[in-house]
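If you want the building blocks of each chain, they are given just below.
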Amino acid sequence: MFCFVFHRKSLSQPSLKKSVRGGTCQTRKPFPCRMLTQPTFTSLKRLNAKFQKEAVLLSSIIIIKKSFIPVHNKASFPRSLYFFSQNRNNIKNGSILRLTTSAAQMAQQLHERIQSSSMDMKLDALKDLANSSRDITFAQEFINLDGISLLTQMVESGTERYQKLQKIMKPCFGDLLSFTLTAFVELMDHGIVSWDTFSVAFIKKIASYVCKAAMDTAVLQRSLAILESMVLNSQDLYQKVAQEITIGQLIPHLQGTDQDIQTYTIAVINALFLKAPEEKRQEMAHILAQKQLRSIILSNVIRSNKPINDEMAHQLYVLQVLTFNLLEDRMMTKMDPQDQAQRDIIFELRRIAFDVECDSNNSGSIEKRKSMYTRDYKKLGFINHVNPAVDFTQIPPGMLALDNMLYFARHHQDAYIRIVLENSSREDKHECPFGRSSIELTKMLCEILKVGELPSENCHDFHPMFFTHDRSFEEFFCICIQLLNKTWKEMRATSEDFNKVMQVVKEQITRALTIKPNSLDQFKSRLQNLSYTEILKLRQSERMNQEDFQSRPILELREKIQPEIMELIKQQRLNRLCEGTCFRKISSRRRQDKFWYCRLSPNHKVLHYGDLEESPQGEVPHDSLQDKLPVADIKAVVTGKDCPHMKEKGALKQNKELLELAFSVLYESDEYLNFIAPDKHEYCVWTDGLNALLGKEMTSEFTRSDMDTLLNMEMKLRLLDLENIQIPEVPPPIPKEPSNYDFVYDCN
């Protein structure tokens, strides 16, 4: 094995481009690999000269391995990647490369070895194949040798030869099949071969591995992955897989403890759900409900002791979306005003609310019955009091809104009756119309949950509470319609405020969903805390934090003010340096109570410093400080462990906190003025001031804090509404203190 540092200039040999093909030289066999224990520049030079002489380009026969990539290049390439003349420009300078057999010859060798009669040789070959198949160059070469067909034949019939050995060589058999299926998955992932080319026998064999009660974990994972890919990539294969696999056969895999197996199982269920024809999805949902899939996932996955990883979260999100998408048909179905069965649902709502039976055709006059119906439909909050069926012709939400209202009336009858009667007893303008509210709320919930949209490929946003009930959407609606009525009362809304109330309710729901409640009861409790008053407080708090400074004019104003504020901070820092600070001297051996003082001259050109016998009371005059350091001589300011006095072992052992307070001024050549600030505030003041003197950016945390405080204050002042208010040129005088404070109110 030859290891060498790659330099792109060594590949600029256009005359040699045509001399190689597929990773090997056309005129001779690939150069054999040998170990070079201590490669030297001379040996590499000879090797390169040998290749140039034989017209073999180095870049055409090298493979880069992760273990040979320098640390700074580990993320640059996949784990295994062949380079040849076409893609050699992708190699980065400094990458360590390994010379190896070409992809074509490696594919040929593995193709022959996996057909060996020796079990050990076959196992080693399949293991190498599983690793090498991740590279698309190798995959293309192996597929050109009809390698996919060979692997499928081994799965269909070849493994049967070893089933007799399974009892005595079970681990070996499991590894053999596992590596075979792994290589197959890796090769198919490149998208070179169509999934439609596989036989029913192969599908049945893969399905049999999934249906077996006790199967090797790796084999089961690969088999589930293959079935998922088959279903997603071919409608024809979906039909065949659906005939071989039932939901009942997949359920036991969810009841185990291996989260990877659970993830693959849910992925297969999602794939079958997604590819099922529209007319079969409701039937499949009914089967899932019968098999108690939801409760199994809740107890074995969501509420298990293991944390849910990203892939499992994504599959649960997909299942959640596909389940809610079953509502799309009702959501997009208009009500037929002439359909008696649909009209009977509205009669049922009226009967439950007002405890009346439907009048027979002969009881009372037609006009009297119409008047009575109109009155009751108005109390129920429908827009069309004469014919409420018209209200449900809007799509979305269509008939889904009526379904929700009926569910609420039947399963939460007390709450339903209370809401209807409560609103019917109010004045017309303060009435919260139940019918209209239910229709708009159903539409809003469909928008929040994105009913009818396909699942996103990168989303992990599933909600555990929707897995806690078989009718989770209807229960979700029941909680939210009660919230709407509560918020309406809190806002003292009128009919003109309907849209405003709906906006507040939407905000309450979305805020409650962000914490991902584990149950519907937790969701309901969260909504109780998000009253209208609390929403107003949250809005005000967010406005204070964000200050609504997202619009372009406000952002431009901030950018205009920022340099002024920074200059103000700079002047404050320099003024503070002019006042000076007393620093304590700390030796490398012991801490002594000796002090020295440093201050900046008023013209900002000289640092005056000198020793003191004791800590001063107030400022120290310039005359008493004997030493001077011109600011023009300062080269740099270093902090922390980069300071010379912090590199001494004694100082570091003495107190590690000193590192955060230490800074040094470098002047002339290797001369330092070393500081240890008395506290963090003085440290920030001095490092900021010295950086300002050198024309560098002030980066301390105190500068950022001061910038935020002063900038926010200035923005608030400039955005005050001061129209028709006269601002005096000079500030008003501060009144004298009163002679006594007898006028102060006694709170007790």
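Nothing here was measured: the structure is a model prediction, and the numbers come from that model.

Engineer: Explain the packing of helix H18 (residues 399-411) against helix H21 (residues 472-491) to me, and be specific about the residues and the numbers.
Structural biologist: H21 packs onto H18 with a crossing angle of 75° between their chain directions and a minimal axis gap of 9 Å. Relative to H21, the element H18 is oriented roughly perpendicular. Contact residues: H18 offers Leu-400, Asn-404, Met-405, Tyr-407 and Phe-408, while H21 offers Phe-473, Glu-474, Glu-475, Phe-477, Cys-478, Ile-481 and Gln-482. Across the contact of H18 with H21, the residue classes break down as eight nonpolar, two polar and two charged.

Engineer: Report on the sheet that holds strand S13 (residues 671-676), specifying residues and quantitative values.
Structural biologist: In space, the three strands of this open sheet follow the order S11-S12-S13, with antiparallel pairing throughout. With one partner strand each, in any of the chains shown, strand S11 (634-639) and S13 form the two edges of the open sheet. On average, each strand axis in the sheet is inclined to that of its neighbour by 20°, with strand direction left out of account. As defined by bridge partners, strand S12 (residues 662-667) adjoins S13 across six bridges and the pair is classed as antiparallel. The partner of Leu-666 across the bridge, within S13, is Tyr-672. Sheet contacts for helix H27 (residues 680-693): S11, S12 and S13; angle to S12, the most-contacted strand, approximately 25°.

Engineer: Kindly report on a negative patch on the surface, identifying the contributing residues and their values.
Structural biologist: On the surface, Asp-633, Glu-668, Asp-670 and Glu-671 cluster together to form a negatively charged patch. Locating Glu-668 in the fold gives a position in the loop between S12 and S13.

Engineer: Give a detailed account of the packing of aromatic side chains, specifying residues and quantitative values.
Structural biologist: Given two aromatic rings, their pairing is described by the distance between the two centres and the angle made by the two planes. Under the criterion given, the structure shown has 28 aromatic pairs. An angle of 85° between the planes, with centres 5.3 Å apart, marks the rings of Phe-466 and Phe-476 as edge-to-face. A residue pair is termed long-range when its members are at least 10 positions apart, and Phe-466 in the loop between helix H20 (434-449) and H21 and Phe-476 in helix H21 qualify at ten residues. Taken individually, Phe-466 and Phe-476 each receive the classification buried, so the pair is uniform in this respect. Taken together through their ring pairs, the aromatic side chains of Phe-583, Trp-596, Tyr-609, Phe-663, Phe-675, Tyr-683 and Trp-686 make up a single cluster. Here the guanidinium or amino end of Arg-436 rests over the ring plane of Phe-498, the centre of that ring lying 3.8 Å away.

Each value, and the rule that gives it
Residues numbered from 1 in each chain as written. Predicted model: local features only at pLDDT ≥ 70, side-chain atom pairs only at ≥ 80, totals over all residues. Heavy atoms only, no water. Axes fitted to C-alpha atoms, helices over the stretch in contact; angles between N-to-C directions. Helix = DSSP H or I, 4+ residues; strand = E, 2+ residues; numbered from the N terminus. Parallel < 35°, antiparallel > 145°, perpendicular 65-115°, else oblique. Contact = heavy atoms within 4.5 Å. Nonpolar A, V, L, I, M, F, W, Y, C, P; charged D, E, K, R; others polar. Pairing = 2+ DSSP bridges. Patch = residues over 30% accessible without salt bridge, like charges linked within 9 Å, V, L, I, M, F, W, Y side chains within 5 Å. Areas by Shrake-Rupley, 256 points an atom, 1.4 Å probe, with all protein chains shown as cover. Salt bridge = Lys/Arg side-chain N within 4 Å of Asp/Glu carboxyl O. Lys, Arg positive; Asp, Glu negative; His and termini not counted. Charge placed at Lys NZ, Arg CZ, Asp CG, Glu CD. Phe/Tyr/Trp six-rings, centres within 6.5 Å; stacked < 30°, edge-to-face > 60°. Buried < 20%, exposed > 50% of the residue type's maximum accessible area, 1.4 Å probe, protein only. Lys NZ or Arg CZ within 6 Å of the ring centre and 35° of its normal.

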